[in-house]
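What follows is the residue order along each chain.
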Amino acid sequence: MKLILFDTSRFLTTPVNIRSDSMYTINTLTKWCERWKWNNWHGSRGKMVKHAELIKECLDLMKDRDIKFLKVKSHVGVYNELADRLAAKATVEDKNSRN
């Protein structure tokens with residue numbers, strides 16, 4: 001998601017639609033983050049929010065931009081499947097780079 005938000009930075013005045021099959025991601029960046037910020041990045045159970053730094057970076061990239069998140073069905077369509085494969089590949093590459 002961070003890469004998508006960074007790539008959209010050139011469209012500062014253009015509305016951007018980001019399609020995601022993850023309601024978790026959408027809610028993280030549009031709903032839950034406000035409460036987490038208010039609670040100093042602690043969740044409802046008092047524990048620190050996982051990936052808080054990444055979420056903060058994404059929120060910073062979203063500032064002053066017209067971004068709309070759209071939920072799409074999982075595993076439907078060529079682009080959704082491609083996105084899943086690219087995300088899985090990036091995860092493996094990230095894990096390998098840490099070793």
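Look a little higher up for the structure.
Quick look at the structure, then.

Criteria and cut-off values
- Residues numbered from 1 in each chain as written.
- Predicted model: local features only at pLDDT ≥ 70, side-chain atom pairs only at ≥ 80, totals over all residues.
- Heavy atoms only, no water.
- Patch = residues over 30% accessible without salt bridge, like charges linked within 9 Å, V, L, I, M, F, W, Y side chains within 5 Å.
- Areas by Shrake-Rupley, 256 points an atom, 1.4 Å probe, with all protein chains shown as cover.
- Salt bridge = Lys/Arg side-chain N within 4 Å of Asp/Glu carboxyl O.
- Helix = DSSP H or I, 4+ residues; strand = E, 2+ residues; numbered from the N terminus.
- Buried < 20%, exposed > 50% of the residue type's maximum accessible area, 1.4 Å probe, protein only.
- Phe/Tyr/Trp six-rings, centres within 6.5 Å; stacked < 30°, edge-to-face > 60°.

### Brief notes about a nonpolar patch on the surface
Stage number 1. On the surface, a nonpolar cluster with roughly 470 Å² of combined accessible area is contributed by Val78, Tyr79, Leu82 and Leu86.
Stage number 2. Along the polypeptide, Leu82 turns up in helix 4 (residues 78–98).
Stage number 3. For Leu82, a relative accessible area of 35% gives the class partly exposed.

### Focus on the pattern of salt bridges
Stage number 1. Per the stated rule, a full pass over the model turns up three salt bridges.
Stage number 2. A salt bridge links Glu34 to Lys37, with the nearest nitrogen and oxygen atoms 3.2 Å apart. Separated by three residues within a single helix, Glu34 and Lys37 lie in helix 2 (residues 23–38), roughly one turn from each other.
Stage number 3. Between Asp60 and Lys63 there is a salt bridge whose closest N-O contact spans 3.3 Å.

### Topic: the packing of aromatic side chains
Stage number 1. According to the stated counting rule, one finds three aromatic pairs in the structure shown.
Stage number 2. Considering the side-chain rings of Trp32 and Trp36, the 6.1 Å spacing of their centres and the 50° angle between planes classify their relative orientation as tilted. One end of the pair, Trp32, and the other, Trp36, are both in helix 2, four residues apart, so they sit about a helical turn from each other.
Stage number 3. Residue class for Trp36 comes out buried when judged on its relative accessible area of 13%.

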